[in-house]
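# Examination of the molecular architecture
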Amino acid sequence: MYKILAVSVDELWLKGKNRKVYIQAIKRHIKSVVKAFHSDPFTCLNENQRLILESDIPFNEELILSLQKVPGINAITPSQKISLDFDEIIPVVTKELENLDCELSTFKVITNRSNKQFP
């Protein structure tokens, strides 16, 4: 399981002054759901239209399923913190691919870099 969850929120239709109120409301809702299913302390940080939930112990599957029912959440992505060193990224990705339940012969990655300093 994962100790970090990246929660993407739908707010594209909101403009101006509504955004702050919306983010505060969804953060309260997310925190109440997490407290119901996760007894240990956690943090909830706002990072570029994503809320990052982080805890010292892994979040369980029941919590993730409950968060999916919160209105306004677009996606929940279990995540890991990895340094920006390419040589350290490859073993972590390889390990994650080995943990998948299906057999892969190839895979493709499509991404947008939010950190333009990363090659």
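Data block above holds the structure.
Residues numbered from 1 in each chain as written. Predicted model: local features only at pLDDT ≥ 70, side-chain atom pairs only at ≥ 80, totals over all residues. Heavy atoms only, no water.

So, on to the sheet that holds strand β3 (residues 50–55). The pairing of strands in a sheet comes from backbone hydrogen bonds and takes either a parallel or an antiparallel form. Taking strand neighbours across the sheet as the criterion, the 4 strands line up as β2-β3-β1-β4 in an open arrangement whose pairing is antiparallel. Single-partner strands in this sheet number two, and they are β2 (42–46) and β4 (73–79). Ignoring strand direction, the axes of neighbouring strands in this sheet form an average angle of 20°. Judged from the 5 bridges that link them, β2 and β3 form a sheet pairing that is antiparallel. Residue pairing across strands places Leu45 opposite Ile52, the latter belonging to β3. (Pairing = 2+ DSSP bridges. Helix = DSSP H or I, 4+ residues; strand = E, 2+ residues; numbered from the N terminus. Axes fitted to C-alpha atoms, helices over the stretch in contact; angles between N-to-C directions.)

For the rest of this paragraph, the subject is the nonpolar core. If you look at the biggest cluster of nonpolar residues, it comprises 20 residues, and the most contacted ones within it are Ile26, Ile30, Val34, Leu53 and Leu67. Residue contributions to this core peak at 6 residues, all from helix α1 (residues 18–37). Look past the residues within four positions of Ile30 in its chain and what remains in contact with it is Val7, Leu51, Leu53, Leu67 and Ile73. (Core = buried A, V, L, I, M, F, W, Y, C linked by side-chain atoms within 4.5 Å. Buried < 20%, exposed > 50% of the residue type's maximum accessible area, 1.4 Å probe, protein only. Contact = heavy atoms within 4.5 Å.)

Throughout the structure, instances matching the rule amount to 1 salt bridge. Residues Glu54 and Lys81 are paired through a salt bridge, measuring 3.5 Å at the closest nitrogen-oxygen approach. Separated by 27 residues along the polypeptide, Glu54 in strand β3 and Lys81 in the loop between β4 and α3 (86–98) bring together distant segments of the chain. (Salt bridge = Lys/Arg side-chain N within 4 Å of Asp/Glu carboxyl O.)

This brings us to α1. Counted at 1.5 Å a residue, the expected span for α1 with its 20 residues is 28 Å, and the 29 Å between its end C-alpha atoms agrees. Restricting attention to buried positions, one finds in α1 the residues Tyr22, Ile23, Ile26, Ile30, Val33 and Val34. The arc enclosing the buried residues of α1, seen along the axis, measures out at 95°, which places them on a common side. Exposed side chains of α1 directed beyond 90 degrees from the buried face belong to Lys20, Val21, Arg28, Lys35 and Ala36. The inward-facing, buried residues of α1 abut β1 (4–9), β2, β3, α2 (61–67) and β4. (Expected span 1.5 Å × (residues − 1). Arc of directions from axis to C-beta.)

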